[in-house]
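Architecture at a glance
One letter stands for each residue in the lines below.
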Amino acid sequence: MSDNDDDLLILNGKRYWKQSRWSRDKKITVRTAARHRELGLPWLDWGGEVYIPELEGDAYIVSRVRRRNPPRRRRQAITAEIGAA
């Protein structure tokens, strides 16, 4: 994260990041963040800017992350009975 505090908003002790900054930090596009706002990503409209709450936004993204290549299931070891026939 850079030292630009213009992207940070603190309300009632909660930290909110501008959507552009938050999405950049998460390595997603602003358009993707906007789409996820429609799907349940918490957000706040403040002064014409969209802000994402730090903790709730991070929890939402973590809940949506999927592994790209799940580990393959390992084959069971062949038992001695099969080879003893």
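This write-up is about the structure you can find in this document. Given the structure is predicted, the values throughout are model-derived calculations rather than measurements. (Residues numbered from 1 in each chain as written. Predicted model: local features only at pLDDT ≥ 70, side-chain atom pairs only at ≥ 80, totals over all residues. Heavy atoms only, no water.)

**Some words on the overall build of the protein chain**
For the protein chain, the count of helices and strands is 4 helices and 4 strands. The order of helices and strands in the protein chain, counted from the N terminus, is β-β-α-α-β-β-α-α. Expressed as a percentage of its 85 residues, the buried residues of the protein chain come to 25%. In the protein chain, the proportion of contacts linking residues at least 24 apart, taken out of those at least 6 apart, comes to 44%. Accessible surface, the protein chain as shown: approximately 7100 Å² in total, 50% of it carbon and sulfur. (Helix = DSSP H or I, 4+ residues; strand = E, 2+ residues; numbered from the N terminus. Buried < 20%, exposed > 50% of the residue type's maximum accessible area, 1.4 Å probe, protein only. Contact = heavy atoms within 4.5 Å. Areas by Shrake-Rupley, 256 points an atom, 1.4 Å probe, with all protein chains shown as cover.)

**Observations regarding the packing of aromatic side chains**
Overall, the coordinates contain 0 aromatic pairs when judged by the stated rule. Seen from the ring of Trp-43, Arg-37 lies directly overhead, with NZ or CZ sitting 4.6 Å from the centre. (Phe/Tyr/Trp six-rings, centres within 6.5 Å; stacked < 30°, edge-to-face > 60°. Lys NZ or Arg CZ within 6 Å of the ring centre and 35° of its normal.)

**A look at unusual backbone geometry**
Backbone geometry follows two general trends: most residues other than glycine have a negative phi, and most peptide bonds adopt the trans configuration. With a phi angle near 50°, Asn-12 is a residue other than glycine that sits in the positive phi range. Tracing the backbone shows Asn-12 in the loop between strand E1 (8-11) and strand E2 (14-18). The class of Asn-12 is exposed, set by a relative accessible area of 82%. Positive phi, normally seen in glycine, also occurs at Lys-27, with a value near 60°. Secondary-structure assignment places Lys-27 in the loop between helix H1 (19-25) and helix H2 (30-39). Lys-27 gets classed as exposed once you look at its relative accessible area, which sits at 76%.

**Observations concerning a positive patch on the surface**
Together, Arg-31, Arg-35, Arg-64 and Arg-66 make up a region of like positive charge exposed at the surface. Residue Arg-66 is classed as exposed on the basis of its relative accessible area of 64%. (Patch = residues over 30% accessible without salt bridge, like charges linked within 9 Å, V, L, I, M, F, W, Y side chains within 5 Å. Salt bridge = Lys/Arg side-chain N within 4 Å of Asp/Glu carboxyl O. Lys, Arg positive; Asp, Glu negative; His and termini not counted. Charge placed at Lys NZ, Arg CZ, Asp CG, Glu CD.)

**Thoughts on the environment of Glu-56**
The residue Glu-56 is located in helix H3 (residues 54-64) in this model. Each C-alpha atom, one on Glu-56 and one on Trp-43, is 9.0 Å from the other, the two residues being 13 residues apart in sequence. Setting aside chain neighbours within four positions, we find Glu-56 in contact with Lys-14 and Pro-42. Separated by 2.8 Å, the side chains of Glu-56 and Lys-14 make a polar contact. (Polar contact = N/O pair within 3.5 Å; in protein donor to acceptor, adjacent residues only side chain to side chain.)

**Quick word on the sheet that holds strand E3 (residues 44-46)**
Read across the open sheet, the 4 strands follow the order E1-E2-E4-E3; overall the sheet is antiparallel. The sheet is open, and its two edges are formed by E1 and E3, each paired on a single side. Within the sheet, the average angular offset between the axes of one strand and its neighbour, ignoring direction, is 40°. Docked against the sheet, H3 engages E2 and strand E4 (49-53), running at close to 75° with respect to E4. (Pairing = 2+ DSSP bridges. Axes fitted to C-alpha atoms, helices over the stretch in contact; angles between N-to-C directions.)

In short, the description is geometric, and any link to function would need to be established separately.
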